[in-house]
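Coordinate analysis (summary)
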Amino acid sequence: MLNNWNKNTLTYGGFWVRLAAYTIDSMIVFFALLLVRLLSSGLLSLADGTALGGNVLFSYTLKDIILYVFEALYFILFTYYTETTPGKRLLNLYVKSADGKKLTLTDVMYRETIGRFLCGATVLIGYIMAGVDKEKRGLHDMLCDTRVVYMKKIKVYPGFQMPQDINIPPVPRQVTQ
């Protein structure tokens, strides 16, 4: 997607814009998984009283595992195929490898599962690192050598200001009595 990969001209996505993108993605995932929750509740009720009806992995039920897999697939597939997620795309952000090449599926899977787990396991310090790092990388970005960058630079014009070099005569005021 990035045609001219030059690290000097990139603008990195910082902590707050990435948090906003993640919030948007979380809302999308929540509503998409609402359908999965409803379907799995009906289907998994048939498994009550069997080995799949209770806790399958530690304290997680089969339903919990299915929901996690679908959520992880959302981030993995969008990031791998489009280099962004819908939330990031709305905010003009893309995930790129440090050398500008296409992300590998292994890197994306590692970034979106183990990397995110480690960011959360460190009391969110792994995410907060994006606010203080020079290249705005979180722990999961450092582990997979990825960067979150703005795809297009958007020119921002300052608010209207009166040009200083133009002499405009004062407007006479009418005094009414």
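The sections below set out a description of the structure shown in this document.

Rules of the game
- Residues numbered from 1 in each chain as written.
- Predicted model: local features only at pLDDT ≥ 70, side-chain atom pairs only at ≥ 80, totals over all residues.
- Heavy atoms only, no water.
- Axes fitted to C-alpha atoms, helices over the stretch in contact; angles between N-to-C directions.
- Helix = DSSP H or I, 4+ residues; strand = E, 2+ residues; numbered from the N terminus.
- Parallel < 35°, antiparallel > 145°, perpendicular 65-115°, else oblique.
- Contact = heavy atoms within 4.5 Å.
- Nonpolar A, V, L, I, M, F, W, Y, C, P; charged D, E, K, R; others polar.
- Expected span 1.5 Å × (residues − 1).
- Bend = angle between axes of the 7 residues up to and from the residue.
- Buried < 20%, exposed > 50% of the residue type's maximum accessible area, 1.4 Å probe, protein only.
- Phe/Tyr/Trp six-rings, centres within 6.5 Å; stacked < 30°, edge-to-face > 60°.
- Core = buried A, V, L, I, M, F, W, Y, C linked by side-chain atoms within 4.5 Å.
- Left-handed = near helix turned anticlockwise from the far one by under 90°.
- Patch = residues over 30% accessible without salt bridge, like charges linked within 9 Å, V, L, I, M, F, W, Y side chains within 5 Å.
- Areas by Shrake-Rupley, 256 points an atom, 1.4 Å probe, with all protein chains shown as cover.
- Salt bridge = Lys/Arg side-chain N within 4 Å of Asp/Glu carboxyl O.

Details of the packing of helix α4 (residues 105-121) against helix α5 (residues 125-132)
Where α4 contacts α5, the axes come no closer than 6 Å and their chain directions differ by 90°. As the angle between them shows, α4 and α5 are arranged roughly perpendicular. Taken together, the residues of α5 that come into contact with α4 (itself represented by R116, C119 and G120) are I125, G126 and Y127. For the contact of α4 with α5, the residue count by class is three nonpolar, two polar and one charged.

A short note on α4
Taking 1.5 Å per residue, 17 residues should reach 24 Å; α4 reaches 23 Å between its end C-alpha atoms and fits that length. Where α4 bends most, the angle comes to about 35°, and this point is R111. Every buried residue belonging to α4 is among V108, R111, E112, G115, R116 and C119, and all of these are buried. A positive phi of about 55° marks V123, the residue just after α4.

Focus: the packing of aromatic side chains
Using the criterion set out here, one finds six aromatic pairs in the structure. With a centroid separation of 5.9 Å and 20° between ring planes, the pair formed by Y22 and F75 is classed as stacked. Of this pair, Y22 sits in helix α1 (residues 15-44) while F75 is found in helix α2 (residues 62-82), placing the two residues 53 residues apart along the sequence. On the basis of an interplanar angle of 85° and a centroid distance of 5.0 Å, the ring pair of Y74 and F75 is categorised as edge-to-face.

Things to note about the nonpolar core
Counting ten residues, the largest nonpolar core consists of V17, A21, A72, I76, Y80, L93, V95, L103, V108 and V148. Considering each element in turn, this core owes the most residues, three residues, to α2. Among the nonpolar cores identified, the runner-up in size contains six residues, and V36, L67, Y74 and F75 belong to it.

Observations concerning the packing of α2 against α4
For the pair α2 and α4, the least separation of the axes is 9 Å and the interaxial angle reads 140°. The angle between α2 and α4 falls in the class oblique. Considering the relative orientation of α2 and α4, their crossing is right-handed. Each of Y68, A72, F75, I76, T79 and Y80 in α2 lies in contact with α4, whose residues at this interface are L105, V108, M109, E112, T113 and R116. Here the contact of α2 with α4 is composed, by residue class, of eight nonpolar, two polar and two charged.

Structural notes on a nonpolar patch on the surface
A cluster of nonpolar side chains, contributed by Y68, V69, F70, L73, L77 and Y81, occupies part of the molecular surface with about 600 Å² of accessible area. When you line up the elements, F70 lands in helix α2.

Looking at the pattern of salt bridges
Between side chains of opposite charge, a pair can form when the charged atoms approach closely. Under the criterion given, the structure shown has nine salt bridges. Between K96 and E83 there is a salt bridge, with the nearest N and O atoms lying 3.1 Å from each other. Within this pair, whereas K96 is found in strand β3 (residues 93-97), its partner E83 is found in the loop between α2 and α3 (86-90), the two being separated by 13 residues in sequence. Like E83, K96 is buried. Here R116 makes a salt bridge to E112, at a shortest N to O gap of 2.5 Å. Taken together, the residues R116 and E112, both in helix α4 and four residues apart, mark about one turn of the helix. Residues R116 and E112 agree in their burial class; the two are buried. Connected through salt bridges with shared partners, the residues R18, R111, E112, R116 and D141 form a single ionic network.

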